[in-house]
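Per-entry structural report
Here's the letter readout for the chains.
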Amino acid sequence: MKVGLIEKPGVLRLAEREEPRIVNPDDVKIKVKRAGICGSDLHIFHGTNAFASYPLVWGHEIAGEVVETGNGVANLKPGDHIVTEPIRYCGECYACRSGRRNACHSLRVMGAHFDGGAQEYYVLPERYAFAVPLDLPWSHVVLVEPFTIGAQACYRGQVQEGDVVFIMGAGTIGLTAMVNAKILGATVIISDIFEEKLEYARLLGADFTLNAKKADVVERVKDLTGGYGANVVIDAVCTVSSFEQALDCAGAAGHIVEMSFNTNPSAIPAIKLTAKELTVLGSRHQTNRFPIVIDYLKEGKLPVEGFVTAEYPLHQMAEAFEFADKNASSVRKVLINFDL
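Calculation rules
- Residues numbered from 1 in each chain as written.
- Predicted model: local features only at pLDDT ≥ 70, side-chain atom pairs only at ≥ 80, totals over all residues.
- Heavy atoms only, no water.
- Helix = DSSP H or I, 4+ residues; strand = E, 2+ residues; numbered from the N terminus.
- Rg over C-alpha atoms; globule rule 2.2 N^0.38 Å.
- Buried < 20%, exposed > 50% of the residue type's maximum accessible area, 1.4 Å probe, protein only.
- Areas by Shrake-Rupley, 256 points an atom, 1.4 Å probe, with all protein chains shown as cover.
- Lys, Arg positive; Asp, Glu negative; His and termini not counted.
- Charge placed at Lys NZ, Arg CZ, Asp CG, Glu CD.
- Pairing = 2+ DSSP bridges.
- Contact = heavy atoms within 4.5 Å.
- Axes fitted to C-alpha atoms, helices over the stretch in contact; angles between N-to-C directions.
- Phe/Tyr/Trp six-rings, centres within 6.5 Å; stacked < 30°, edge-to-face > 60°.
- Parallel < 35°, antiparallel > 145°, perpendicular 65-115°, else oblique.
- Left-handed = near helix turned anticlockwise from the far one by under 90°.
- Nonpolar A, V, L, I, M, F, W, Y, C, P; charged D, E, K, R; others polar.

Once that is clear, we can look at the overall build of the chain. For the chain, the count of helices and strands is 11 helices and 18 strands. Over its C-alpha trace the chain gives a radius of gyration of 20 Å, about what one expects of a compact globule, namely 20 Å for 340 residues. Principal-axis analysis of the C-alpha atoms places the extent of the chain at approximately 60 × 40 × 40 Å. Burial statistics for the chain: of 340 residues in total, 52% are counted as buried. Per element, the accessible surface of the chain, about 14,800 Å² overall, is 50% carbon and sulfur. A gap of 2 Å separates the mean positions of the 33 positive and 41 negative side-chain charges of the chain.

Cis peptide bonds are those with omega within 30 degrees of zero, and the linkage from Y54 to P55 qualifies with -5 degrees. In this structure, P55 sits in the loop between α1 (39-46) and β4 (56-57). Positive phi is not limited to glycine here, since C238 has a value of about 70 degrees. Relative to the elements of secondary structure, C238 occurs in the loop between β14 (230-235) and α8 (240-249).

All right, on to the sheet that holds strand β2 (residues 11-16) then. Spatially, the three strands line up as an open sheet ordered β2-β1-β4, and their pairing is antiparallel. The sheet terminates laterally at β2 and β4, the two strands that pair on one side only. Across two bridges, strand β1 (residues 2-8) lies against β4 in antiparallel orientation. If you follow I6 over to β4, its bridge partner there is L56. Across the sheet, α1 is in contact with β1, β2 and β4; its angle to β1 comes to roughly 50 degrees. Against the sheet, helix α11 (residues 317-326) touches β1 and β2, its axis set at about 150 degrees to β2.

What the six strands build is an open sheet, ordered β13-β12-β11-β14-β15-β16; its pairing is parallel. One side of each edge strand has no neighbouring strand; the edge strands of this open sheet are β13 (208-211) and β16 (279-282). Within this sheet the neighbouring strands show an average axis-to-axis angle of 20 degrees, counted without direction. Where strand β12 (residues 187-192) meets β13, four bridges bridge the pair, whose relative direction is parallel. Residue pairing for β13: D192 is matched across the bridge by N211. Of the strands in this sheet, β11 (164-168), β12, β13 and β14 are in contact with helix α7 (residues 217-224), which crosses β13 at around 160 degrees. Running over the sheet, α8 touches β11, β14, β15 (250-258) and β16 and is turned about 155 degrees from β15.

Inspection of the entire model under this criterion finds seven aromatic pairs. Residues W58 and F321 carry aromatic rings whose centres are separated by 5.0 Å and whose planes lie at 75 degrees to one another, so their mutual orientation is edge-to-face. Highlighted residues: W58 in the loop between β4 and β5 (61-69) and F321 in helix α11, separated in sequence by 263 residues. Across the pair, F321 and W58 agree in class, each one buried. Taking 4.9 Å as the distance between ring centres and 5 degrees as the angle between the ring planes, the aromatic pair formed by F130 and F290 counts as stacked. In this pair, F130 sits in strand β10 (residues 129-132) while F290 sits in helix α10 (residues 290-298), placing the two residues 160 residues apart along the sequence. There is no split in this pair, since F130 and F290 are both buried.

Bringing the packing of helix α4 (residues 144-156) against α10 into the picture now. Contact geometry of α4 with α10 gives a least axis separation of 9 Å together with a crossing angle of 115 degrees. If you check the angle between α4 and α10, you find them roughly perpendicular. The chirality of how α4 crosses α10 is right-handed. Here α4 contributes V144, E145, F147, T148 and A151 to the contact with α10, which in turn contributes F290, V293, I294 and L297. For the contact of α4 with α10, the residue count by class is seven nonpolar, one polar and one charged.

Laid out in structure tokens, this is it:
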């Protein structure tokens, strides 16, 4: 079978691998239908992801059709459509026992720590596969995973109806956080430096948009909240300066949700935390968000129409990566379509 292989940083090629087989009783084999290209895939390709090991089959946003199951699989059968959870966890460490498997002490992620799903067939344990209705288009189904990231950010920030949520960054993840916050009944302010992204955010329901190149973001957030500041700030820009600025944008007793893996230190005076008694939280991957987001999709609450910017066949994945790289101001999601 054909796989999308990042051989080493900067080298992406189509390779041949033996088709995987069912080994364990709980294994599920799928025919992959769509694979989304995420920012983390681009980082792995460019060699800027510290967790990646090479050579590596990329891809953690995967949707496919079940073609075979092990004799211990209870809830899936051939013909079912599924999306895959990309994280692997031990189930025994403190984080797992606390219900936060996404922070597992020995966490591994497909497409980073081990081969991902950019291949014609893939085998995974049943517990990492979530069934979706058969009538949903594959290009919509594959968006479930990125929307779980936004759902996790809102969950970590304890977003509630009536909150004012400020989202820094209107890229793919910022938009998924915005959509989830709106579903929860929040008023959303979102910022970016690209007008194209802000225009799309408005189409998706953003209440207020701020161009960070043209406006003093901190002052505008205060103006829009009567001088108080946002109840929840989600940093999807993920730079040192955005993290520091997030604290200035938050109101008293607010929550800061940080999504960055930036290794550079920030200089934040402790008084900024204590004076407003802010809660600063990390948000990584997701935990227990798949069923929630799948329900949103089934109920028509996710604005998936138009969210996919382009689709390419697997043999044109190099062009797909290049397109995603060079069109940062307009790309939301680029897919590999295994039916092309």
